[in-house]
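Observations on chain architecture
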Amino acid sequence: MIIKHLSLLQFRNYKRLELDFHPTMNILIGDNAVGKTNILEAIEVLSLTKSHRASDSSLIMYHKSLAKIKGTVLVDNILRKLEVDYDTVQKKTKINGTVISRISDYISSLNVIVFTPDDIEIIKGSPNIRRNLLNMELSQISKNYLSTYNQYNKLLKTRNEYLKILLTNHLADRNYLNVITEKLVEKAVFIYRYRKEYIDKVNENISSIFKDIHSFFSLKIQYEPNVSFSSYEEKVMKEELLSIYQKYSQKEQNYGMTLYGPHRDDFTFYLNEKNIKIYGSQGQQKAAVLAYKLSCIPIFLEKTGTRPVLLFDDIFSELDGKKQNKLLKYIGKDIQSIITTTDVKNIRKSLLKDAAIFTVISGNVERKM
Ligand SMILES: Nc1ncnc2c1ncn2[C@@H]1O[C@H](COP(=O)(O)OP(=O)(O)O)[C@@H](O)[C@H]1O
Ligand SMILES: [Mg+2]
């Protein structure tokens, strides 16, 4: 998958921008606060219909009332025109000019893997950051995951509301709780198994990628649902989850809340068997997240038949010159990458030979070579 062209109108600090990308490596160079991240953010919005760092309204240029992001994407020799329009009241997504109202019909038109300096929070931050990450990735590779996940959330909300009713009204119908619980178990097990499969696949690559881009340590991630299953076989999981809900039925009613299920999932990074959150250096943590992101590429390829576009923001900070070169070499030529940095002074000329280099100067981008 390749993004060929990006067109912005009144998006952040870009009044108007027309930008052609190179099919492989693109490097955007510029000082701080000139608008490098804004370009990656625009592509992220074009892909996921929202920005990870900001609300929709902050994307519109100051003192303007609308913004447009348009992109031309090439997949399997077919050009696709994508568009996300904002005004102060609503957002519209379009594919080839047609408005698409269901988000699951839009997502996966442009697949991206995003890396930003905030991603250190994937290691340091709370579990919901890691769950959001999994959801964002899995939604891109499976419509089925996205719709099951949405159904799960609806059932979860209903179940929580009903648990609250049971708390105050002892005459309320307990059968209804059982009906919702059975439906919830169905969706929960699908989500657990999808996440488990994904994390297993990440673990097939992550350690060797970490060695290539950083150092000779073994890295792995451990999936940690808050229910311990004796196996990941569907039937077994359904039975075991159902019995958890039965066992803790009173406890959940006392809390008025569903305490078990994939909405409480987490995962942990281990470097040489040690929790990297506690024992890892800042540099190791950053490299671990990068290795994680890179290990998702073959999974996207396997599940969707095409590689995603890499949007890597400010990737060289905190890496020494040698590691910067290793990383760029690893990213290589088989995938389109759009990378931002303040400078490429440590990068070997040979690695930049086939890349397009752009300079960003407040609200404008020019191709240098
Ligand atoms: N809604 C907006 N309208 C106009 N300018 C904005 C808006 N949001 C952010 N900016 C400007 O964008 C710039 C920051 O852009 P960013 O892409 O984060 O910079 P960097 O090059 O450091 O990555 C700042 O100058 C900020 O004032
Ligand atoms: Mg930035």
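Each value, and the rule that gives it
- Every residue gets a number counted from 1 within its own chain, in the order that chain's sequence is written.
- Working convention: letters from A go to chains and numbers from 1 go to ligands, in the order in which they are written.
- Side-chain atom pairs in this predicted model are given and counted only at pLDDT of 80 or more, local residue features only at pLDDT of at least 70, and totals for whole chains, interfaces and linings cover all residues.
- Water and hydrogen atoms were dropped before computing side-chain values, which therefore reflect all heavy atoms in the structure.
- Numbering of helices and strands starts at the N terminus; helices are DSSP runs of H or I of at least 4 residues and strands are runs of E of at least 2.
- Each radius of gyration reported is based on C-alpha atoms, and the globular scaling rule is 2.2 Å times the count of residues to the power 0.38.
- Relative accessible area decides the class of each residue, using a 1.4 Å probe on protein chains only: under 20% of the type maximum gives buried, over 50% gives exposed, and in between gives partly exposed.
- Throughout, a residue-residue contact means that at least one pair of heavy atoms, one from each residue, lies within 4.5 Å.
- Accessibility throughout is a Shrake-Rupley quantity obtained with a 1.4 Å probe, and a residue counts as covered only by protein chains that appear here.
- For the purpose of charge, His is not counted, nor are the chain termini; Lys and Arg are scored as positive and Asp and Glu as negative.
- Charge positions are represented by NZ for Lys, CZ for Arg, CG for Asp and CD for Glu.
- Two strands qualify as a pair provided DSSP detects at least 2 bridges between them.
- For helices, the axis comes from a line fit to the C-alpha atoms of the stretch in contact; other axes are also lines fit to C-alpha atoms, and the angle between any two N-to-C directions lies between 0 and 180 degrees.
- For any pair of crossing helices, the crossing counts as left-handed if the nearer helix is rotated counterclockwise from the farther one by less than a right angle, and right-handed if it is rotated clockwise.
- Asp, Glu, Lys and Arg are counted as charged, while Ala, Val, Leu, Ile, Met, Phe, Trp, Tyr, Cys and Pro are counted as nonpolar; the rest, among them Gly, fall into the polar class.
- Under the convention used throughout, the expected extent of a helix is 1.5 Å for every residue step, that is, one less than its residue count.
- Working rule for angles: under 35 degrees goes down as roughly parallel, over 145 as roughly antiparallel, 65 to 115 as roughly perpendicular, anything else as oblique.

Glancing now at the overall build of the protein. For the protein, the count of helices and strands is 13 helices and 15 strands. A compact globule built from 369 residues should have a C-alpha radius of gyration of about 21 Å, and the protein, at 22 Å, falls within 12% of that. Along the first, second and third principal axes, the C-alpha set of the protein runs to 70 × 50 × 35 Å. Among the 369 residues that make up the protein, the fraction classed as buried is 53%. A fraction of 69% describes how many contacts in the protein between residues 6 or more apart in sequence connect residues 24 or more apart. Accessible surface for the protein amounts to roughly 17400 Å². Of this, 50% is attributable to carbon and sulfur atoms. Side-chain charges in the protein split into 55 positive and 41 negative, and the spacing between the mean points of these groups amounts to 2 Å.

This part covers the sheet that holds strand β1 (residues 2–11). Sheet strands pair via backbone hydrogen bonds, and the direction of the pair is either parallel or antiparallel. Strand order in the open sheet formed by six strands is β2-β1-β4-β5-β6-β7, with antiparallel pairing between adjacent strands. Whereas interior strands pair on both sides, the edge strands pair on one side only; in this sheet they are β2 (14–20) and β7 (98–99). Strand direction decides the pairing type here: strand β4 (residues 66–75) and strand β5 (residues 78–87), joined by 10 bridges, are antiparallel. Residue leucine 74 lies in a different strand from β5, and its bridge partner there is leucine 79. Sheet strands in contact with helix α1 (residues 36–48) are β1, β2, β4 and β5, and its direction is about 110 degrees off that of β1.

Another point: the environment of valine 344. Structurally, valine 344 can be placed in the loop between β13 (337–341) and α13 (349–352). The buried category is assigned to valine 344, whose relative accessible area is 19%. Remark: the alpha-carbon pair of valine 344 and tyrosine 270, spanning 74 residues in sequence, is separated by 31 Å.

Moving on to the pairing of β2. Sheet analysis places β1 next to β2, joined by six bridges and oriented antiparallel. Each bridged residue has a counterpart across the sheet, and for leucine 6 the counterpart in β2 is leucine 19.

Attention now moves to the packing of helix α5 (residues 143–168) against helix α6 (residues 174–213). Relative orientation of the contacting elements α5 and α6 amounts to 145 degrees, with a least axis distance of 9 Å. When the axes of α5 and α6 are compared, the crossing they make is left-handed. Within the contact of α5 with α6, the residues separate by chemical class into 16 nonpolar, five polar and five charged.

Helix length check: α1 (13 residues) gives 19 Å between terminal C-alpha atoms against 18 Å at 1.5 Å per residue, within 8%. For α1, a buried count of 12 out of 13 residues is recorded, marking the element as mostly surrounded by other parts of the structure. What α1 keeps buried is the set Lys36, Asn38, Ile39, Leu40, Glu41, Ala42, Ile43, Glu44, Val45, Leu46, Ser47 and Leu48.

Our next topic: the packing of helix α4 (residues 127–141) against α5. For any two helices packed against each other, one specifies the crossing angle of their axes together with the interaxial distance. At a closest axis distance of 5 Å, the pairing of α4 and α5 adopts a crossing angle of 130 degrees. With respect to α5, the axis of α4 lies oblique. Judged by residue contacts, Asn135, Leu138, Ser139 and Ile141 of α4 engage Lys143, Tyr145, Leu146 and Tyr149 from α5. Grouping the constituent residues of the contact of α4 with α5 by class yields five nonpolar, two polar and one charged.

No statement about biological role is implied by the geometric values presented.
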